Amino acid sequence: MSTNVTVIGTGYVGLVTGVCLAHSGHSVTCVDVDKAKIEGLRKGVSPIFEPGIEDLIREGADSGRLTFATPADGWAPLIGDIVFVAVGTPQSDAGAADLSQVRAVVDALCDEADKDFVMVMKSTVPPGTGEALLRRHLSCAQADIAYVSNPEFLREGHAIDDWFAPDRIVLGSADPKALDAVTALYDDIESEVVRTDTASAETIKYASNAFLSTKISFVNEIANVCDCVGADIDQVAHGIGMDKRIGPDFLKAGIGYGGSCFPKDTHALDFISMLHGYEFRLLKSVIEVNSRQRLLPVLRLSRMLGGLEDRVIVILGLTFKPDTDDTREAPALEIVPLFLEEGAKVRMVDPMAPEVLIPGAERVEDVYDALAGADAVVLTTEWPQFTGLDWERVASLMSGSAVVFDGRNALDQKAVRAAGLRYVGVGRDGEHRGTVV
Ligand code: UGA
């Protein structure tokens, strides 16, 4: 059955939601306040890089099922039977989730709605938000607005595949009819649907991201122990991951997690716990361990190069992971200023983030040009362009005793060493036995 759907927000979450629902046969209007974005989308240009998204934008436009609009002429004509809210909830200065964009959209919809509809919250909002929106906003509207929490679990770079093959679909509401209507939207997707109350759905989202962040910080702690005792984290992660209760995913050690989700969601969960008088000590440690991992390249290279003053350091990767153009909370953006503070000369290379500039650091287009005469190279994002470098050529370009710091444990350390370079990973080689950060 085809449903009239509105999706508000054309970022990573909203746009994927819109194009995928249109692909499933629903009639979708994607709305954004940014006119330039909407004009680009009408021409088939995606404002974000996400593999496969432009094909689905074209397909939706050709079928007539996908249209794009701004609320310039008011919200009422844009409201479908189901309205997804997928606007940003960035981190506030205090560490909380900043809900101002969500509130602005909900207020506008409540003020202008002239027909009943189901509001579906896709934006990541802290537990309790749905109840508060219902109490303070939705209940004041002229129209009857039902509320469903439907958190998303998409990974950037794999979002389309994740949409059509999710591990589960989570829906939370006190309104069974609204839950039925949203469940029906996902009819063509084979997946368990978890139907629960609003606060539990909201908490599932935060708990999932907090648990995945915990796994990463845990493996990073184990990697640091590996460095102390001369064990190898690849072997250790493989060995523990074989236990089905642990699982092999999210056990890659390195310079820590980044991106628009894990850092902000862990802080927001910590904040909301504190607000309720609860001290979430484990989560605080997860956040602290992640910050500490960022120091590793600076500490290790400073020691191995006998100081960083005037040393030329090449940073490979400015996005928070490969296959995305997203640089939010990317490790490199924290690590580069640390090198600059130590007096190093920094060159930065990235295939996908041309707009990123850091005062005092040089942007270089070609990776081999960047490596000429350099003292060290730091892999901050495991783009295939970097993991597949010709290490013989790299060694011929870099200075005599150059070091390769593999911040993602993604390089072939044998090939790097065979080329005559010094290699250092995170918990990978025992070379730093006795070194605790
Ligand atoms: C993450 C979750 O994986 C999604 O399920 C969730 O929907 C999304 O956040 C969100 O809340 O919107 P994403 O931020 O796109 O997705 O990226 P991930 O692939 O999960 O990676 C996050 C960070 O963790 C990256 O910086 C990555 O390099 C790092 N990471 C990941 C590790 O350091 N080690 C690992 O083993 C795995």
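In what follows, the accompanying structure is described. Just so it is clear, the structure is predicted and the values come from calculations on it, not from any experiment.

## Description of the pairing of strand β4 (residues 82-85)
- Neither face of β4 is open: one carries Ile82 and Phe84, the other Val83 and Val85, and all of them are buried.
- In terms of strand pairing, strand β1 (residues 4-8) meets β4 through four bridges, oriented parallel. In the sheet register, Val7 faces β4, and the bridge partner there is Phe84.
- Bridge analysis of β4 against strand β5 (residues 117-121) gives four bridges, and the strand direction is parallel. Each residue of the ladder has a partner; that of Ile82, found in β5, is Val118.
- Traced from β4 through helix α4 (residues 100-112) to β5, the parallel crossover comes out right-handed.

## Describing the sheet that holds strand β14 (residues 422-424)
- The strand order across the open sheet formed by six strands is β11-β10-β9-β12-β13-β14, and the pairing between neighbours is parallel. The open sheet has two edge strands with one neighbour each: β11 (362-363) and β14.
- With five bridges joining them, strand β9 (residues 312-316) and strand β10 (residues 345-349) adopt parallel strand pairing. Bridge pairing links Val312 to Lys345 in β10.

## Remarks on the environment of Arg155
- Position of Arg155 relative to the elements: it lies in the loop between β6 (145-149) and α6 (159-164).
- Owing to a relative accessible area of 39%, Arg155 belongs among the partly exposed residues under this scheme.
- Along the backbone, Arg155 and Tyr12 are 143 residues apart, and their C-alpha atoms lie at a distance of 9.4 Å.
- With sequence-adjacent residues up to four places away left out, Arg155 is seen in contact with Glu50, Asp162 and Lys321.
- Only 2.8 Å separates the side chain of Arg155 from the side chain of Asp162, close enough to count as a polar contact.

## Description of α4
- With 13 residues, α4 extends 18 Å from end C-alpha to end C-alpha; this agrees with the ideal 18 Å at 1.5 Å per step.
- Taken together, the buried positions of α4 are occupied by Val102, Val105, Val106, Ala108, Leu109 and Cys110.
- Looking at the buried side of α4, the elements it contacts are β1, β4, β5, α5 (129-136) and β6.

## Topic: the packing of aromatic side chains
- Enumeration over the complete set of coordinates arrives at four aromatic pairs.
- Between Trp163 and Tyr186, the aromatic rings sit 5.6 Å apart at their centres with planes inclined by 45°, giving tilted as the arrangement. Remark: Tyr186 occurs in the loop between α7 (176-185) and β8 (193-196) and Trp163 occurs in helix α6; sequence separation between them is 23 residues. You'll find Trp163 and Tyr186 in the same group, each marked buried.
- An aromatic cluster is built from Phe250, Tyr257 and Phe262, whose rings are joined through pairwise contacts.
- The ring centre of Tyr368 lies 3.7 Å from the NZ or CZ of Arg393, which sits over that ring.

## Thoughts on the pairing of β5
- The element β5 is extensively covered by neighbouring structure, given that five of its five residues are classed as buried.
- By the alternation rule, side chains of β5 split into Phe117, Met119 and Met121 and Val118 and Val120, which are all buried.
- In the sheet, β5 pairs with β6 via five bridges, with the strands oriented parallel. By the bridge assignment for β6, Met119 is matched with Tyr147.
- Note that the unit made of β5, α5 and β6 has a crossover that is right-handed.

## Quick word on the packing of helix α8 (residues 198-229) against helix α9 (residues 233-241)
- Put simply, α8 and α9 touch, their axes get as near as 9 Å, and they point 135° apart. Considering their axes alone, α8 and α9 lie oblique with respect to each other. Where α8 crosses over α9, the two elements pack in a sense that is right-handed. Along the contact surface, α8 presents Val219, Ile222, Ala223 and Cys226, while α9 presents Ile233, Val236 and Ala237.
- Residue classes in the contact of α8 with α9 are distributed as seven nonpolar, no polar and no charged.

Reading the values: rules and limits
- Residues numbered from 1 in each chain as written.
- Predicted model: local features only at pLDDT ≥ 70, side-chain atom pairs only at ≥ 80, totals over all residues.
- Heavy atoms only, no water.
- Buried < 20%, exposed > 50% of the residue type's maximum accessible area, 1.4 Å probe, protein only.
- Helix = DSSP H or I, 4+ residues; strand = E, 2+ residues; numbered from the N terminus.
- Pairing = 2+ DSSP bridges.
- Right-handed = clockwise from strand over helix to strand, strands pointing away.
- Contact = heavy atoms within 4.5 Å.
- Polar contact = N/O pair within 3.5 Å; in protein donor to acceptor, adjacent residues only side chain to side chain.
- Expected span 1.5 Å × (residues − 1).
- Phe/Tyr/Trp six-rings, centres within 6.5 Å; stacked < 30°, edge-to-face > 60°.
- Lys NZ or Arg CZ within 6 Å of the ring centre and 35° of its normal.
- Axes fitted to C-alpha atoms, helices over the stretch in contact; angles between N-to-C directions.
- Parallel < 35°, antiparallel > 145°, perpendicular 65-115°, else oblique.
- Left-handed = near helix turned anticlockwise from the far one by under 90°.
- Nonpolar A, V, L, I, M, F, W, Y, C, P; charged D, E, K, R; others polar.

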